[in-house]
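# Overview (structure and organization)
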Number of protein chains: 8
Amino acid sequence: MRELLEAVADGSLSPAQAEAELRGYVTGDAGRFDAARQHRRGIPEAIFAAGKSAEQVVELAETALETTERALVTRASDRQIEALESSIANSYPDAIVDRRGTTVHVRTPAYDPPSLDATVGIATGGTVDGPVADEAELVCEDAGIAVDRVDDVGVAALDRILDQLDRLREADVLIVCAGREGALPTVVAGLVDVPVIGVPVSSGYGFGGDGEAALAGMLQSCTILSVVNVDAGFVAGAQATLIARTIGAARE
Amino acid sequence: MRELLEAVADGSLSPAQAEAELRGYVTGDAGRFDAARQHRRGIPEAIFAAGKSAEQVVELAETALETTERALVTRASDRQIEALESSIANSYPDAIVDRRGTTVHVRTPAYDPPSLDATVGIATGGTVDGPVADEAELVCEDAGIAVDRVDDVGVAALDRILDQLDRLREADVLIVCAGREGALPTVVAGLVDVPVIGVPVSSGYGFGGDGEAALAGMLQSCTILSVVNVDAGFVAGAQATLIARTIGAARE
Amino acid sequence: MRELLEAVADGSLSPAQAEAELRGYVTGDAGRFDAARQHRRGIPEAIFAAGKSAEQVVELAETALETTERALVTRASDRQIEALESSIANSYPDAIVDRRGTTVHVRTPAYDPPSLDATVGIATGGTVDGPVADEAELVCEDAGIAVDRVDDVGVAALDRILDQLDRLREADVLIVCAGREGALPTVVAGLVDVPVIGVPVSSGYGFGGDGEAALAGMLQSCTILSVVNVDAGFVAGAQATLIARTIGAARE
Amino acid sequence: MRELLEAVADGSLSPAQAEAELRGYVTGDAGRFDAARQHRRGIPEAIFAAGKSAEQVVELAETALETTERALVTRASDRQIEALESSIANSYPDAIVDRRGTTVHVRTPAYDPPSLDATVGIATGGTVDGPVADEAELVCEDAGIAVDRVDDVGVAALDRILDQLDRLREADVLIVCAGREGALPTVVAGLVDVPVIGVPVSSGYGFGGDGEAALAGMLQSCTILSVVNVDAGFVAGAQATLIARTIGAARE
Amino acid sequence: MRELLEAVADGSLSPAQAEAELRGYVTGDAGRFDAARQHRRGIPEAIFAAGKSAEQVVELAETALETTERALVTRASDRQIEALESSIANSYPDAIVDRRGTTVHVRTPAYDPPSLDATVGIATGGTVDGPVADEAELVCEDAGIAVDRVDDVGVAALDRILDQLDRLREADVLIVCAGREGALPTVVAGLVDVPVIGVPVSSGYGFGGDGEAALAGMLQSCTILSVVNVDAGFVAGAQATLIARTIGAARE
Amino acid sequence: MRELLEAVADGSLSPAQAEAELRGYVTGDAGRFDAARQHRRGIPEAIFAAGKSAEQVVELAETALETTERALVTRASDRQIEALESSIANSYPDAIVDRRGTTVHVRTPAYDPPSLDATVGIATGGTVDGPVADEAELVCEDAGIAVDRVDDVGVAALDRILDQLDRLREADVLIVCAGREGALPTVVAGLVDVPVIGVPVSSGYGFGGDGEAALAGMLQSCTILSVVNVDAGFVAGAQATLIARTIGAARE
Amino acid sequence: MRELLEAVADGSLSPAQAEAELRGYVTGDAGRFDAARQHRRGIPEAIFAAGKSAEQVVELAETALETTERALVTRASDRQIEALESSIANSYPDAIVDRRGTTVHVRTPAYDPPSLDATVGIATGGTVDGPVADEAELVCEDAGIAVDRVDDVGVAALDRILDQLDRLREADVLIVCAGREGALPTVVAGLVDVPVIGVPVSSGYGFGGDGEAALAGMLQSCTILSVVNVDAGFVAGAQATLIARTIGAARE
Amino acid sequence: MRELLEAVADGSLSPAQAEAELRGYVTGDAGRFDAARQHRRGIPEAIFAAGKSAEQVVELAETALETTERALVTRASDRQIEALESSIANSYPDAIVDRRGTTVHVRTPAYDPPSLDATVGIATGGTVDGPVADEAELVCEDAGIAVDRVDDVGVAALDRILDQLDRLREADVLIVCAGREGALPTVVAGLVDVPVIGVPVSSGYGFGGDGEAALAGMLQSCTILSVVNVDAGFVAGAQATLIARTIGAARE
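Residues numbered from 1 in each chain as written. Chains lettered and ligands numbered in written order. Predicted model: local features only at pLDDT ≥ 70, side-chain atom pairs only at ≥ 80, totals over all residues. Heavy atoms only, no water.

### Here's the deal with the relation of the copies chain A and chain H
For the record, the criterion: Copy-to-copy superposition: least squares on the C-alpha atoms, limited to residues that have pLDDT of at least 70 in both copies. Contacts were defined at the residue level, with two residues in contact if any of their heavy atoms lie within 4.5 Å.
For the pair chain A and chain H, the superposition axis carries a translation of 0.0 Å, the fit reaches an RMSD of 0.0 Å, and the rotation angle comes to 180°. Read as a symmetry element, the transformation amounts to a two-fold axis. In this assembly the copies share their binding face: 100% of the residues contributing to the interface of chain A also contribute to that of chain H.

### Some points on the sheet that holds strand β6 (residues 103-107) of chain D
To keep things clear, this is the line we draw: Between any two strands, at least two bridges found by DSSP are needed for them to pair. A run of H or I in DSSP counts as a helix once it spans at least four residues, and a run of E counts as a strand once it spans at least two, with each numbered from the N terminus.
Read across the sheet, four strands follow the order β3-β4-β6-β5 (chain D) without closing on themselves; strand pairing throughout is mixed. Edge positions in the open sheet fall to β3 (47-48) and β5 (96-100) of chain D, since each of these has one partner strand only.

### A few points about the nonpolar core
For clarity, the cut-off: The definition of a nonpolar core used throughout is a set of buried Ala, Val, Leu, Ile, Met, Phe, Trp, Tyr and Cys residues joined through side-chain atoms within 4.5 Å. Burial status follows relative accessibility: with a 1.4 Å probe on protein chains alone, a residue under 20% of its type maximum counts as buried, one over 50% as exposed, and anything between as partly exposed.
Ranked by internal contacts, the top residues of the largest apolar core, which has 248 residues, are A:I161, B:I161, C:I161, D:I161, F:I161 and H:I161. Every residue in contact with C:I161, bar those within four places of it in the chain, is listed here: C:V153, C:G154, C:V155, C:L168, C:L184, C:V187, C:V188 and C:L191.

### Description of the environment of D:R75
Using the following cut-off: Two N or O atoms count as a polar contact when they lie within 3.5 Å, although within protein this holds only if one can serve as hydrogen donor and the other as acceptor, and sequence-adjacent residues are included solely when both atoms are side-chain atoms.
Position of D:R75 relative to the elements: it lies in the loop between β4 (70-74) and α5 (78-91). Distance in space between the C-alpha atoms of D:R75 and D:T119 is 24 Å, their sequence separation being 44 residues. Look past the residues within four positions of D:R75 in its chain and what remains in contact with it is D:F48, D:A49, D:A50, D:Q80, D:T102, D:E135, D:V230, D:D231, D:A232 and F:Y205. Within the structure, D:R75 has its side chain in polar contact with the side chain of D:E135 (distance 3.4 Å).

### Digging into the pattern of salt bridges
Counted only if it meets this: Salt bridges are counted wherever a side-chain nitrogen of Lys or Arg sits within 4 Å of a carboxyl oxygen of Asp or Glu.
Overall, the coordinates contain 88 salt bridges over all chains when judged by the stated rule. The salt bridge involving G:R167 is made with G:D148; its shortest N-O contact spans 2.9 Å. Of this pair, G:R167 sits in helix α8 (residues 165-170) while G:D148 sits in strand β8 (residues 146-150), placing them 19 residues apart in sequence. Using a relative accessible area of 25% as the deciding quantity, one classes G:D148 as partly exposed. When the shortest N-O distance is used, the salt bridge between H:D98 and H:R100 registers 2.9 Å.

### Here's the deal with the interface of chain A and chain H
Threshold: Simply put, the buried area is the total loss of 1.4 Å probe accessible area from both parts when two parts are fitted together.
Facing 36 residues of chain A, the contacting portion of chain H comprises 36 residues. In total, chain A and chain H occlude about 2,900 Å² of area from one another, counting both sides; carbon and sulfur atoms represent 55% of this. Inspection of the region where chain A meets chain H yields zero salt bridges. Taken together, chain A and chain H are joined by 10 residue pairs in polar contact (both at pLDDT 80 or more). Mapped by element, the contributors of at least two residues to the side of chain A that touches chain H are α3 (37-41), β10 (196-200), α10 (212-219), β11 (226-227) and α11 (233-251) of chain A.

### Overview of the interface of chain C and chain B
Our working rule: Residues are sorted three ways: Asp, Glu, Lys and Arg are charged, Ala, Val, Leu, Ile, Met, Phe, Trp, Tyr, Cys and Pro are nonpolar, and all the rest, Gly among them, are polar.
Every contact between the two is made by 36 residues of chain C and, on the other side, 36 residues of chain B. Across the contact surface, chain C and chain B share zero salt bridges. Where chain C packs against chain B, one counts 10 residue pairs in polar contact (both at pLDDT 80 or more). Taken together, the elements giving at least two residues each to the side of chain C that touches chain B come down to α3 (37-41), β10 (196-200), α10 (212-219), β11 (226-227) and α11 (233-251) of chain C. The biggest single contributor to the side of chain C that touches chain B is α11(C), with 11 residues. Partitioning the side of chain C that touches chain B into residue classes produces 21 nonpolar, eight polar and seven charged.

### What to know about the sheet that holds strand β4 (residues 70-74) of chain H
Residue and element names in this part refer to chain H. For the record, the criterion: Axes here mean lines fitted to C-alpha atoms, for a helix over just the part in contact, with angles spanning 0 to 180 degrees between N-to-C directions.
Within the open sheet, the four strands sit side by side as β3-β4-β6-β5. Their pairing is mixed. If you trace the sheet from one side to the other, it starts and ends with β3 (47-48) and β5 (96-100), each paired once. The pairing of β3 with β4 spans two bridges and is parallel. Note on β4: the bridge partner recorded for F48 is T74. Lying on the sheet, helix α5 (residues 78-91) is in contact with β4, β5 and β6 (103-107); it crosses β5 at an angle near 170°.

### Examining the packing of aromatic side chains
Going by this rule: Any Phe, Tyr or Trp ring, taking Trp's six-membered ring, that has another such ring centre within 6.5 Å forms a pair; planes under 30 degrees apart are called stacked, those over 60 apart edge-to-face, and the others tilted. Only Lys NZ and Arg CZ are tested; either one counts as a charge over a ring when it is within 6 Å of the ring centre and within 35 degrees of the ring normal.
Here the structure, examined in full by the defined rule, presents 12 aromatic pairs over all chains. On the numbers, 6.0 Å between centres and 15° between planes, the contact of A:F48 with G:Y205 is stacked. Here A:F48 is found in strand β3 (residues 47-48), whereas its partner G:Y205 is found in the loop between β10 (196-200) and α10 (212-219) on a different chain. The interplanar angle of 50° and the centroid separation of 4.5 Å between the aromatic rings of B:F207 and G:F207 together place this pair among those described as tilted. Separated into two different chains, B:F207 in the loop between β10 (196-200) and α10 (212-219) and G:F207 in the loop between β10 and α10 make up a pair that spans both. For G:F207, a relative accessible area of 14% puts it in the buried group. The ring of D:Y205 is capped by B:R75, whose NZ or CZ atom sits 4.3 Å from the centre of that ring.

### Overview of the packing of helix α4 (residues 54-68) of chain D against α5(D)
All names here are of chain D. To keep things clear, this is the line we draw: Roughly parallel means an angle under 35 degrees; roughly antiparallel, over 145; roughly perpendicular, 65 to 115; everything else is oblique. Left-handed describes a crossing in which the near helix is turned anticlockwise from the far one by less than a right angle; the clockwise case is right-handed.
Between α4 and α5, the shortest axis-to-axis distance is 9 Å and the interhelical angle comes to 40°. Comparing the axis directions of α4 and α5 gives the class oblique. Remark: the crossing between α4 and α5 carries right-handed chirality. Between α4, through A54, V57, V58, A61, E62 and L65, and α5, the contact on the second element is made entirely by R79, Q80, A83, L84, S87, I88 and S91.

### Comments concerning the side chain of E:R70
Its place among the elements puts E:R70 in strand β4 (residues 70-74). Ignoring any residue separated from it by four or fewer positions in sequence, one finds E:R70 in contact with E:F33, E:P44, E:E45, E:A64, E:L65, E:H105, E:V106, E:R107, E:Y111 and E:D142.

### A short note on a negative patch on the surface
Counted only if it meets this: Candidates for patches are residues over 30% relative accessible area with no salt bridge; among them, like charges are joined within 9 Å and nonpolar side chains (Val, Leu, Ile, Met, Phe, Trp, Tyr) within 5 Å. In short, Shrake-Rupley with a 1.4 Å probe defines the accessible areas, and a residue's cover is counted only from the protein chains shown. Only four residue types enter the charge count, namely Lys and Arg as positive and Asp and Glu as negative; His and the chain termini do not. Just so you know, the charge point we use is NZ for Lys, CZ for Arg, CG for Asp and CD for Glu.
On the surface, A:D210, A:E212, B:D210 and B:E212 cluster together to form a negatively charged patch. As for its position among the elements, B:D210 is in the loop between β10 and α10. With relative accessibility at 57%, the residue B:D210 sits in the exposed group.

### Quick word on helix α6 (residues 130-142) of chain D
Residues and elements named next belong to chain D. The line we're drawing: Between the first and last residue of a helix there are one fewer steps than residues, each counted as 1.5 Å, and that sum is the expected span.
Taking 1.5 Å as the rise per residue, α6 with 13 residues should run 18 Å; its terminal C-alpha atoms sit 18 Å apart, in good agreement. Within α6, 11 of the 13 residues are buried, which leaves it mostly tucked inside the rest of the structure. Looking only at α6, the buried set comprises G130, V132, A133, D134, E135, A136, E137, L138, V139, C140 and D142. After α6 finishes, the residue G144 shows a positive phi value of roughly 85°.

### Topic: the domain arrangement of chain A
All names here are of chain A. Heads up, the condition is: In this document the domain limits rely on a domain assignment from an automatic tool or a database.
Along its sequence, chain A is carved into domain 1 (2-107) and domain 2 (119-251). Listed as interface residues are 14 residues of domain 1 and, on the opposing side, 15 residues of domain 2. In total, domain 1 and domain 2 occlude about 1,300 Å² of area from one another, counting both sides; carbon and sulfur atoms represent 59% of this. The largest contributions to the domain 1 side of the interface with domain 2 come from I43, R75 and R100, which together make up 40% of the buried area. At the surface where domain 1 touches domain 2, the tally comes to four salt bridges. The partner of D142 in a salt bridge is R70, with the nearest N and O atoms 2.7 Å apart.

### Re the relation of the copies chain C and chain B
Superposing chain C onto chain B takes a rotation of 180° plus a shift of 0.0 Å along the axis, which leaves an RMSD of 0.0 Å. Interface overlap between copies: 100% of the residues of chain C at the interface are likewise at the interface in chain B, consistent with a symmetric, same-surface contact.

### A short note on the packing of helix α6 (residues 130-142) of chain H against helix α11 (residues 233-251) of chain H
Residues and elements named next belong to chain H. One way to put it is that α6 packs onto α11 with a least axis distance of 7 Å and a crossing angle of 35°. You can see that α6 and α11 cross each other, and the crossing is right-handed. Contact with α6, carried on its side by V132, E135, A136, V139 and C140, involves G233, F234, G237, A238 and T241 of α11 and no other residues of that element.

### A few points about the pairing of β10(C)
All names here are of chain C. Applicable threshold: When the strands point away from the viewer, a crossover counts as right-handed if the route from the first strand across the helix to the second turns clockwise.
For β10, the buried fraction is high: five of the five residues fall into the buried class. The alternating pattern of β10 places V196, G198 and P200 on one face and I197 and V199 on the opposite face, and all of these are buried. Across five bridges, strand β9 (residues 173-178) lies against β10 in parallel orientation. Across the sheet, I175 pairs through a bridge with I197, a residue of β10. After leaving β9, the chain enters helix α9 (residues 184-189) and then returns to the sheet as β10, a path that is right-handed. Strand direction decides the pairing type here: β10 and β11, joined by two bridges, are parallel. What sits directly across from I197, in β11, is S226. Handedness of the β10-α10-β11 crossover: right-handed.

### A word on the state of the cysteines
To keep things clear, this is the line we draw: For this text, the term disulfide refers to a pair of cysteine sulfurs within 2.5 Å.
Considering all chains together, one arrives at zero disulfides over all chains under this definition. Lacking any disulfide linkage, F:C222 is separated from the closest cysteine sulfur, that of E:C177, by 15 Å.

Set out below in structure tokens:
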């Protein structure tokens, strides 16, 4: 610990990095960032932007970059993302900012991404499922997992799914996102022999709308599925990552 | 009317038949039987047994036989069916009693079934959907519609459905019964060009059980379906009959 | 196929038309347009605008016009419709744009509408049910079905319905839209002998508001109804079209 | 009070009668009987049997008879009614026991029924609504209100209602009991100019079953209704009594 | 009828007045106005503004004024009320416009209000219940019923209710509006012997918020209440009017 | 620990007592009994009988007696209580068995009850709330808290509550049990200045029945209440005990 | 009373102060302020700002300051708080305004805060629980209770809770605020021996979102908790105050 | 295929075995048994007994034994299990019948269990979670996965979980079963770095009972979980098997 403090004293380590090293998390005005999460849980902590101010999101993302050289922000609004981009343009002008839908991934040149011999497949029923799948996709990629994504294979036109079956079967784990009646994960899980995680999407209207029919249908599925909450692309991606990581480790 | 009353007087017409002729319904202790329903609605009245005593069911069925030469009893318990069978053995020893699941159809030799050039297809996902499909089937047959039934084609094993596609495509209307996540009507409706009526079945457990997930999923379907209430095989059969009858009439 | 590709090469066929011909659908940035749906399902694909950007709606509508000479857009906002109208004014200056409520139908002069010997009746309880009925009406008309519409016959003043009974009885299929307690389809279905499709409308407030009481009431109806989801005018219109088309075909 | 106590002392008043006179209620092992309720609220207290033991029901009914010369028991099981009948056969051999469905009214020869110049009309949709209407009917009669009951006028066959319109219009208040979709009170209230109280009945199945669709529909009604809880025949009868009593009083 | 048409011809009757006289309602672009409702139901038709455009509200109100010399508009927004006021300032410069909360009553000098010997009491728990009570109050006054209003007597401070008991007991019917837990109608109904109509108000938050706890509590009340939907001040006022009118008539 | 094991060896301590002393809990076939709970949480562990076999309940109760000289069993069926009584008659013939409703308290002569200078008041609305209040009462008494119980003070007759106000005000904490609309805790909390814990009771029927209206009403209460789950007399009693214990300790 | 009126006459007492003294509450255009609440209930009345206009909030706060020298405003919007601050800057330039989240506490120099020997601990799971905890905290402080607050101890990282256990155990009562799955109060209550009040927070999304999962989880907790409604920080703070006050009083 | 048919002809293959070989499933009166499921999905088909007759269960189990040498029956009643045991005693006297709770596993001596280098950990909160965990356990063992089971580690006593942490961390996948508030999977997932599947158990009572609070809590969990339906031990076991199988394969 003496070393650490000396590193802080001579400026080679920021106080945040030192706190992260010593306690595992960094405390700021915007709350705590759990810098040790990757060690403890195998997946780095993401910043859930909804319900936070743009300032809080920026502060947490800066802390993430300072301590882990990458940041993953989910459920971000346009205003939050703009604030984030302009802050990073200052602090990390060389950072790569990868925005997909409402999810943003940032990595500095110093970031050394993990690499694992495992693939997560992600399938969606239609356009509206895209942002939820984006969230899952970036979580997996952030953890070094290869992602194979297959869009627009809704059950209303069955041959689209059958066409993509070989790709779906090659993944180690599948994440299947679907709104409305949410039948896609059931149909897919009946055709493959890898674990399928269903993600209900909050589309639909009237009775069972906002993803409730999809959630109920996936929980009642007559094939084998596990499920996450409505629109919980992050959780699905993180769970797939935990599974894929063990598989990848076993392959080494 | 004079004639009618004279026919009652000389015994060639029972009072119930005369009341049915004059008012369209017959009033007894067990309630009214709507003998004119077939004329008015195109489908004969059925007797919904649930919540009635065995005596009430028997009385209504006897009235149906007396005025229309056939009786259709739905949601009947074993006790109700036994009472019905022993009563009919006395009153109409030559009647044919056709019991499927909880539905019973009785017809006397004098019954002259209608015949229509139209076919209703009925598909089920699994064994548990059987009694609901039976209810629909007997309603259609009672109205003279041909029925083509395809069982056990649940979405968990997709090739079973694909195998039966030609039969499904030949029907004029399809009734598709499914419990659990209720995805079968959606998958079928994506593969055929005839109207599909979805019937949610009260299987399943936990969240969305008792047919609620199936109902929500069918209402949210991304293809074209109309839907009836959970386990409402009778309603689906009657609606399919109304459709098929017009088609049959147009073909003549 | 050689021919097709040559037609593309010499410009007599656009790439989208060729893709539509070959694969049945056209893929663009805004998602897929299922150009073969009319062949497969008997009703042309509609573009569900809610949840899409104005740009995506315009792109899909242009693809629909390019491949099928007509486009049907449902649940469109004012902003989406304006974008659509200004785009079409450029690309298809001679096209006819028919806007009713939140539904828009566009057809080019080259469009050869189908014509069928069948009528769909549409009844509404009150003014608030209008846009949902409009959606159903345009779907039927798009498929060449004659529509007879009867507005403002809510059950609170029964004689309005009784006055229109003859018109309602002449249709081949009836679509009945009603909000609040949703009793109109039940009352109508008790008076006619054609199939009735109930459409719950999201009016009402407090307990059972937003169409939930109407949906529950239609599913519980003591007459014969099939039902679609709350505000699902498109689904009701498409289902009525599928029924009416078979009837029309049988009449030929 | 001295007088009262002397009357107890010489046996011309029972302790229960004296307690009822002094405090308004009588306390026993089975709970309190509110003997003064008729004075305070204008309707005598009823004994809600569900959830009580047969012994408790008997004790409360005996107290009611002792202090008010009549007893009204609602939601009674066969076992409770048998216990009640055998107890009363002993204690009040001359009492008249009037049982309808699950409701029982008992009155001793000493009972001097009130009489009011007002009529409550009660209408039901079908057989299953009978016991709920019985409950309402006995409450009104217990309070001396004339009841005109019209059964089996469900909305599926509208002419049955229209046939009975004159009778319905003559009542001062109407109670309308209906299960399934519960549309009857709405239809009736659109045809009469007296207050209508809707009583949802716990029939039906699937979505909106057990009276929920009926309750929601009555609360959403597009005419003027007030409503009581599902199966609350007693409450409807008591509310109608409070209204009719004021009308009757105004007529004197 | 000849006379009527001649009156139209010579301009002494507007077409709308003639249509109202002949058919009972007037049809315009904004829908139908039921001018005969007062005759048929005893309460004049109100215009439910929510979900209508300002133009539609103005048109319907003008029709109401033209045919019945008064107009009652409920659930109106500020924008709708401003449009209404400016329109009436032109068409009926002498009309009296009475706005309370979101309800507006307009009457021309030609309006001859009915007068009845009956009183409706209206009680509220707190400030938030005000607009709902206003709606009920204006309906009663529009029908010529005297209203006695008692505000701010919530159950949290019981002595406020006890203080007002004499006033509450003098009314012929009571309307009691309460949000949150909705206990006020129960407490009041336990203290008076007139009919009480409970109106749940959509206050509250979290579980049971938006009036749901209040509605459930009033339906479960251990005293005698009938209930209307959440915020349905109009329905409560109209039902109280129907009751009070009969009482008033009986007093004459 | 050596001492303990020697005590086991010489039989002066049973193995269960030793395990309880060492680990805080005792493991048997029927699960674990948390003998140290009283130390850790201040209230002894109770045995929740519902869902356990009679044998499991008996085993756990015997363990409780062996290690803490008392046992508290809640939600017990008749069969479970009989098994318990006959087992205890053998093992602890001198034990006192105190059964109230579905709750049973057993104590051996060796039991030295705690005594605290604090009182919990318990009020109920009616007879049906009795067993829930019994559960709360026995928990408090088991912990040495004095209980003052006031029954049958439902809000339908307000003067009963006002009569008991002085007693209610003298308690240190109040538990108020009420079913149906659950207004009693709100009314009581408006009249006293001590903390009130509301316990919804699963009475009622139809909408909001089984305690749901009562729970919602207590959570929405416009006075200050904290609440436990429906029928959770045990939790209310234990929470009141935790509060009263601190007060009692502060008084010493 | 004579004295009071003379004090009003000579201006040494404002009319509002006199009304507060005489009747316990002050009536203004914005409703009643219950100035005597502190005496009656032991906690001063708070002003619930949601659903009130800025003017009403200001008026009520001014009345509170005039009669009790402090004001507590909860659920205030930015606009309401600005209006309040500018009003108070005029009327009470020396007042201290303490704003935390959406709660504001104001006290004049004349305010003599109560002081009690009791501590309430408040724990939160994460940043989003902050404003709810602020509300509880200011209520306690307003009543003179010491508060020890522990933030950011969510169950996802258990050692954070274990680190703070000693502080949590020292409080007399604990308020634990948690959203999402709401497990924190259960985990804390398993580790301490003081009463714990759980406050569900309306975070979360999809199924069980908006605090519903947290509420359900706290009501189902396998340890001893009492609960308040979702986001009801005020109620939790007031209930904790009532408990702590008795403890503080007992300590004196 | 010729060979197969000859094998049937000479009796070395039963017709069922031949059908299983050729079509993948065997059709009997009790429905289809999917003998090829293990190949297709990697987990053998289980027989869901609930809702089937004892005869159907026996027939399906016999078919399973005939074609796969093992049978797994879930949700079986005592009557079904007795029928199964007596049937197997005849047909496969050497078979091993392993019954745990409501799940039964049967294997003939010819059964050659798969063996995989992977471990599934199963944790339960309390006794009531046992049968659900049994179901999951037998599914895993049936597929050759090692199971490490840790019972009775509910969150109310946190040190029990902490004691077992090392075992939990050694598994490749964890299944965590919990009823009531369902917090255990969240707490466990915060302490380990392997994928956790949460299984809500239908314990609890009142609001959120029957597993609903647990399901909602797991879906809202602030750590990473995927979830199955209430009591779906089979689904959790099968999903864990699919994951563990891939891990096991990767290790080889």
